[in-house]
Every structure is written in structure tokens, then in C-alpha cells.
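As a plain string of letters, each chain reads:
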Amino acid sequence: MRVLWGGIASRAHVLYGASWLRQLDQPTRVAVAEPRGFLHAGQLTLDDVAQMLPEGITAEPWTANTDVSSVEALLSVGAVGIKPWLRTRRGVGLRRLKVVVTDEGLGSYGGWGTRRAAWRREGMREPWLTLRTTAVVGATLALTSKRWATYAVRDDRWAVRPAIADEFRRHARRTPGAATAVFLSQPWPELGVISEPEYLEHVATAAEEAGRHGLTFSVHPHPAEPAGRYAAWPTHHGLAELNQAAVDAAVVLGATSTAMLNLAAIHGVPALRIAPRPVEALDEGLSRAQATLLRQYLGLTIPKRQWHSKLARLAVDERTPE
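A short tour of the structure in this document, coming up.

The rules behind each value
Residues numbered from 1 in each chain as written. Predicted model: local features only at pLDDT ≥ 70, side-chain atom pairs only at ≥ 80, totals over all residues. Heavy atoms only, no water. Helix = DSSP H or I, 4+ residues; strand = E, 2+ residues; numbered from the N terminus. Rg over C-alpha atoms; globule rule 2.2 N^0.38 Å. Buried < 20%, exposed > 50% of the residue type's maximum accessible area, 1.4 Å probe, protein only. Contact = heavy atoms within 4.5 Å. Salt bridge = Lys/Arg side-chain N within 4 Å of Asp/Glu carboxyl O. Pairing = 2+ DSSP bridges. Axes fitted to C-alpha atoms, helices over the stretch in contact; angles between N-to-C directions. Expected span 1.5 Å × (residues − 1). Arc of directions from axis to C-beta.

### Observations regarding the overall build of the protein
Okay, step 1: Scanning the protein from N- to C-terminus turns up 12 helices and 12 strands.
Okay, step 2: Its C-alpha radius of gyration of 20 Å places the protein within 12% of the 20 Å reference for a compact globule of 322 residues.
Okay, step 3: Burial analysis of the protein (322 residues in total) assigns 49% to the buried set.
Okay, step 4: Of the contacts made within the protein by residues no fewer than 6 positions apart, 70% connect residues no fewer than 24 positions apart.

### Focus on the pattern of salt bridges
Okay, step 1: As enumerated under the stated definition, the model contains 15 salt bridges in all.
Okay, step 2: Among the ionic pairs, Arg169 bridges to Asp166, the shortest N-O distance being 3.9 Å. Highlighted residues: Arg169 and Asp166, both in helix α6 (residues 162–169), separated by 3 residues, approximately one helical turn.
Okay, step 3: The partly exposed category is assigned to Arg169, whose relative accessible area is 27%.
Okay, step 4: Judged by its relative accessible area of 36%, Asp166 is partly exposed.
Okay, step 5: For Glu167, the salt bridge goes to Arg170, with nearest N and O atoms at 3.4 Å.
Okay, step 6: Note on Glu167: relative accessible area 0%, which makes it buried.
Okay, step 7: Salt bridges sharing common partners tie together Glu190, Glu196, Glu225 and Arg229.

### Let's talk about the sheet that holds strand β9 (residues 180–184)
Okay, step 1: Within the open sheet, the 4 strands sit side by side as β10-β9-β11-β12. Their pairing is parallel. Strands with a single pairing partner mark the edges of an open sheet, and in this sheet they are β10 (216–220) and β12 (271–273). Between one strand axis and the next, the sheet turns through 25 degrees on average, direction left out of account.
Okay, step 2: Pairing of β9 with strand β11 (residues 251–254) involves 4 bridges; the strand directions are parallel. Within β11, the residue paired with Ala181 across the bridge is Val251.

### Digging into helix α7 (residues 196–212)
Because the α-helix completes a turn every 3.6 residues, residues three or four places apart line up on one side.
Okay, step 1: End to end, α7 covers 24 Å across 17 residues, agreeing with the expected 24 Å (1.5 Å per residue, within 8%).
Okay, step 2: All buried positions along α7 are accounted for by Tyr199, His202, Val203, Ala206, Ala207, Glu209 and Ala210. Relative to the axis of α7, the buried residues are bounded by an arc of 165 degrees and lie together on one face. The exposed set on the far side of α7, more than 90 degrees from its buried face, consists of Pro197, Glu201, Glu208 and Arg212.
Okay, step 3: At the C-terminal side of α7, Gly214 shows a positive phi close to 75 degrees.

Any functional reading would require information beyond the geometric quantities listed.
Structure representation (C-alpha cells):
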């Protein structure tokens, strides 16, 4: 089978797609478009992608010279790329083309407004902002033949797709017992949501509160953040959902993020949503699906006055033998 794969920007994207490729259960050649970067984050290479693929799946670069005439499926991250779809559609003619869309992150559970707001924070301006949002959302709704979502509603509750959860657990499994708190930071200063000094003050308060309860504190920076921002604390790198320090933590702390959602839902890591006011205000723009998904797995964002009691309870639970 031949597949074209575009839109990769992180290792999580690779795992989402790898779980779909695995269930094909047949030898497959995948032409991978060059991964895209985000802010300061370094781009993945084709070798990075290939190392995370199931046995029997071979990866090659997708270039302008790639022959698409025998392609059977277009695998896209987050949304259907209009240009790749048009090129592939012309190449395969009237033959059926399966279009599969995996998650980009929490944003995949939003709508037109949440996608537009996210791109605005990343610096996109009108009129391109509205035009692109409308085109991407419309094309994805019209062209997608299979939505390979990480989360779906079943019996009025969210559930994780087992194939995707298993893909993550092949690389990391939780072995709880460490009295640690890992803060999952995000590039809010780069996105203009909060100043760096204000954000570092927030992290320092979280570190102090964790220490009061005997929890060793560390930070897992977002890959798009500049190096050295959290030099005052031990730091971890790589995909948080595969980092053993985060997977084994007594608690992960942070604001609304895909990594914290996945750690809680896939690995069962206790999580507390804590956010400075400018970041917390962004939650007011969440879609209903995003809000209910986060509430089920992470709870509501807690005010600072409740940090002490919530962390105290988690610290006691971590030290209590089963």
C-alpha cells in the first residue's frame, strides 16, 4: 500500500499516524512531507519519523518528484492540506482516494473560531487569517473520509481510542512511586499571552508549593520555548508523553495543553490545571468539546488559594501504599 503523509510537526503527530498505519496490517510505503517547525522548535527529520513507525512500514521523502499515481491514502495532521489533496487527486485520477485526518492536538476538538484564534496568536493577520481558516475547515469537513481521532464520546463520556493509547504505551509505561511534580510549560510569552517575568514568577510559585509538600519539582519545557528559560530548575526534554519523568510523576502541573491531557488520559498521571490569569482567560474561548474533554480528564483550572490543599492530597495519596 502507498500512503502520502503531511503536516507532521511533533513526535505526538508521528504516533497518531503510526497507530493508523499499524492497523492496516500490511507492508506499506509512506512518502512523508518535510515536517514543519513551530517558533523555536527544531524540525523532525525523516529518520526521526522512520524510527517511530511500526515494523513493515517504510518511509521515504515526499518531494515534487514523488509519483502519486499509485497512492491509496492521504494521511493528514489536523486538517486536509488543499494543495497536497489537489496534487494527489490529479495523480490518481478517478480511482478512490482515502483521506485520513489525525489529531494536531487539543485544537482538533475546536471549531472555526478556536482555530482562527490560535492562528491569530501565532501572528497571522487579516484578511489571510479568515480566508485560511474558512478554507481549511471547509476542506477538511468536505474531503475527510476517516477521522482518526484520539478521543471520542461514548455513552456520554470521552474515551481514548485504544489503538492510539497502545501506540504511546509501546514507548513508555507508567510506574508510579516517584514523589515528583513536573511542570509542563508552554510558549505563552512567545505567543504574546503573558510576559516572561510574569510567567517565571508563576512557575516559581508552583515550585515553592510543590516543595512544601515534599515533591521534587522539575520543568518539561515546550519544544518551541527558548533554551535556558528554566535554568533555575531541573528540566526534561523530548515528547512529554514519552518522558519517563513525566509519565511516572506524582502530579503534572500546567495550563490547558495537549501533553497534560494525554498524560492524564493515556498514562493515568494525576494532573492539576494551574494557570496565571492571562492564560486562564484563554479557556473562555474553548469549544464545548474542548471544555468537556479537559474537565473529564484534568478537572477545572484551580485558583491559587486551592493549590495547597490539592497538592497536599496528591502528596498523601502518593505515599499511601495500595
